Amino acid sequence: MNILLSLACVLVTVTLHITYVYLRRRNSFLRKLQGPESSSFWLGRNEKELRYQNEVGDNEYDWIRRYGTAWRSSRPLGVDYLSLADPKALQYVLHTSGYHFAKDMESKQSAELALGRGIIWTHGTAHQRQRRIMTRAFLAPQLRAFLPLFQNTALRVRGSSDLTQKWKDDVISLNTTGQAVVDVTGWLSRTTLDIIAETGFDSQFGSLNDEKTLMAKLHENLLFDSTLYPSHFDIIFKSLWRYIPEPLLHYVRYLPSREYRRLREYSDSVRHFSRDIIKDILSKGDGQDIMSALLRANASENPDNKMSDEEVNDQIASLLFAGHETTASSMSWFLWEVAKHPDSQDRIRAEIAALRARKEGGQLSATDLDSMAYTMASLKESMRLHPILSFLRREAERDDVIPLAFPITTKSGEQILSIPVKKGTCIEVHIGAYNRLPEVWGPDADEWNPDRFLDPERGKQISVGVFANLLNFSGGLRGCLGWRFAVLELQVLITTLLENFEFSVPQARIYRKPGSLMIPMTEDREGACLELNIKALN
């Protein structure tokens, strides 16, 4: 009886949805926009092409060439989305409009499944409150205090060997040629996990020492197991989340499939870890890690504005994920690019050597790292070409008009510079497509050219992203709080690794797979993997 009732509820929901979509589409301005036609009502051709493409960008980079900086996309069950790569439109959605473009329910609930109800999940006034408190943990003096720890982690993690020595002793020394093929993604993931453990929680995970801690096991291939190439049923099911009362959506975490089980195990374990970590931090007193700073900031708030214990606990999951996997992936793609371009690698190495000579062997400061113009330009260029998050989704909370910087042509041939949207319209912010717009980055936008960031004639751009005007760290009210932390960590890793090693590309092809974050993979290995030839330098 319960099964029949559940099936009846599903049938009624789908019927009402189809009726709603049909009536809405008849009067939608989006029907006037160009875009790839859908071949499937159930999946939506465009959703299928995004989720199942061989590599990130196979489809969306073609769409911006064919349709311009804004186009209509079809999603499961006949829903039309507005896809945006236009800088003025992105500025309006992410900055100007405040909180009027919220995360859609699929994005919001997916964040809760893995990370709980921390800053990545929350919205509106609750997000403002959490963000105001958390900002104090990422102020410039706090970040400068982390620099020696970043440098020590690249060279030595407390209680473990350093990354450079690990590569020299455990990998390269075993090969008589003086070089070896190394999965840099795996090593960097372990390195950044140890870094966030110390800087974030004054804790030790021992990942570089191959200690099989719970945290190391939890993060191993998490995105590969839980987000890459989901089932057709799951795509359709998630498209219905916007019609399900939010309290009921909490229970999707108990679904028995591998994806939901993996995220549930991760979330439950991190919550347990968080409670223990916070007790430990409070018992130690005045720590210098991020969570200590966050707890002090929260304690100083008016009682009505404080984060609850649950909210504080869930920030740890956000810090672990955002401060670990994203940085390791960005660094992996940077090494891949300089491995393909040895001339850039040589210029970076020469710039580091010149700075070392001026410093006469002293430690490099944050100002020193920023002064290496070509190195910074190369980091920006790598992040431009390889944003690990290829798109964001938002939903209009009111009727609105989105402006465009570049005119697009409708199906009727009319050129327009704005798009009216109705409340409830779904928006896709295409980070990867924006990062490769020829109108913004030049005619060679698909090519590696760090010098574009050194060109004073490049012209003023519409402000979109927080770093180099890229959208890798998002922008506006939901821009990543820890972007300076991540950039500083990347600068230290780049300096240390390129001083000690030479990188080149092996024969195996690397694929940019479309998980929730872009996953590097090879044909002959399962799971995340980006292999490079590494040779130790004298």
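Here is what the cut-offs are and how they apply
- Residues numbered from 1 in each chain as written.
- Predicted model: local features only at pLDDT ≥ 70, side-chain atom pairs only at ≥ 80, totals over all residues.
- Heavy atoms only, no water.
- Buried < 20%, exposed > 50% of the residue type's maximum accessible area, 1.4 Å probe, protein only.
- Helix = DSSP H or I, 4+ residues; strand = E, 2+ residues; numbered from the N terminus.
- Polar contact = N/O pair within 3.5 Å; in protein donor to acceptor, adjacent residues only side chain to side chain.
- Contact = heavy atoms within 4.5 Å.
- pLDDT = per-residue confidence, 0-100.
- Pairing = 2+ DSSP bridges.
- Axes fitted to C-alpha atoms, helices over the stretch in contact; angles between N-to-C directions.

Participant: Honestly, helix H15 (residues 290–299) in this entry has me stumped. Any pointers?
Facilitator: The α-helix advances 3.6 residues per turn, and as a result positions three or four apart in sequence lie on the same side. In terms of burial, H15 is largely enclosed, as 8 of its 10 residues are buried. Ile290, Met291, Ser292, Ala293, Leu294, Leu295, Ala297 and Asn298 are the residues of H15 that are buried. Where H15 begins, one side-chain oxygen reaches toward the backbone nitrogen of Met291, 3.3 Å away; that side chain belongs to Asp289.

Participant: Sorry, what's going on with the side chain of Asn469 here?
Facilitator: Turning to its location among the elements, Asn469 is positioned in the loop between helix H22 (438–441) and helix H23 (483–500). A distance of 2.8 Å separates the side chain of Asn469 from the backbone oxygen of Ile462, its partner in a polar contact. Side-chain polar atoms of Asn469 contact the backbone nitrogen of Gly465, separated by 3.2 Å. Beyond its immediate sequence surroundings of up to four residues, Asn469 is in contact with Tyr434, Trp441, Gln461, Ile462, Ser463 and Val464.

Participant: Looking at this structure, I do not really get the confidence of the model for the chain. What am I missing?
Facilitator: Detailed reading of the predicted coordinates is not advisable wherever pLDDT is low. Averaged over every residue, the pLDDT of the chain is 88; residues scoring 70 or more account for 92%. With pLDDT under 50 throughout, residues 156–160 is counted as low confidence; its partners more than four residues away or in other chains account for 15 contacts.

Participant: What is the right way to read the side chain of Ser207 from this model?
Facilitator: With respect to the secondary-structure elements, Ser207 resides in the loop between helix H9 (184–201) and helix H10 (214–219). Under the relative-accessibility criterion, Ser207 is labelled buried at 4%. Ser207 has contacts with Arg190, Leu193, Asp194 and Ala216, leaving out every residue within four places of it along the chain.

Participant: Honestly, the sheet that holds strand E4 (residues 179–183) in this entry has me stumped. Any pointers?
Facilitator: Where strands meet in a sheet, backbone hydrogen bonds hold them as pairs that are either parallel or antiparallel. Ordered in space as E4-E12-E9, the 3 strands form an open sheet in which the pairing is antiparallel. Of all strands in the sheet, those bounded by a partner on one side alone are E4 and strand E9 (501–504). With direction set aside, neighbouring strand axes in the sheet form an average angle of 35°. In terms of strand pairing, E4 meets strand E12 (residues 531–536) through 5 bridges, oriented antiparallel. If you follow Gln179 over to E12, its bridge partner there is Lys535. Across the sheet, helix H8 (residues 163–171) lies against E4, E9 and E12, angled at about 75° from E9, the strand it touches most. Contacts from H23 reach E9 and E12, with the element oriented near 90° to E9.

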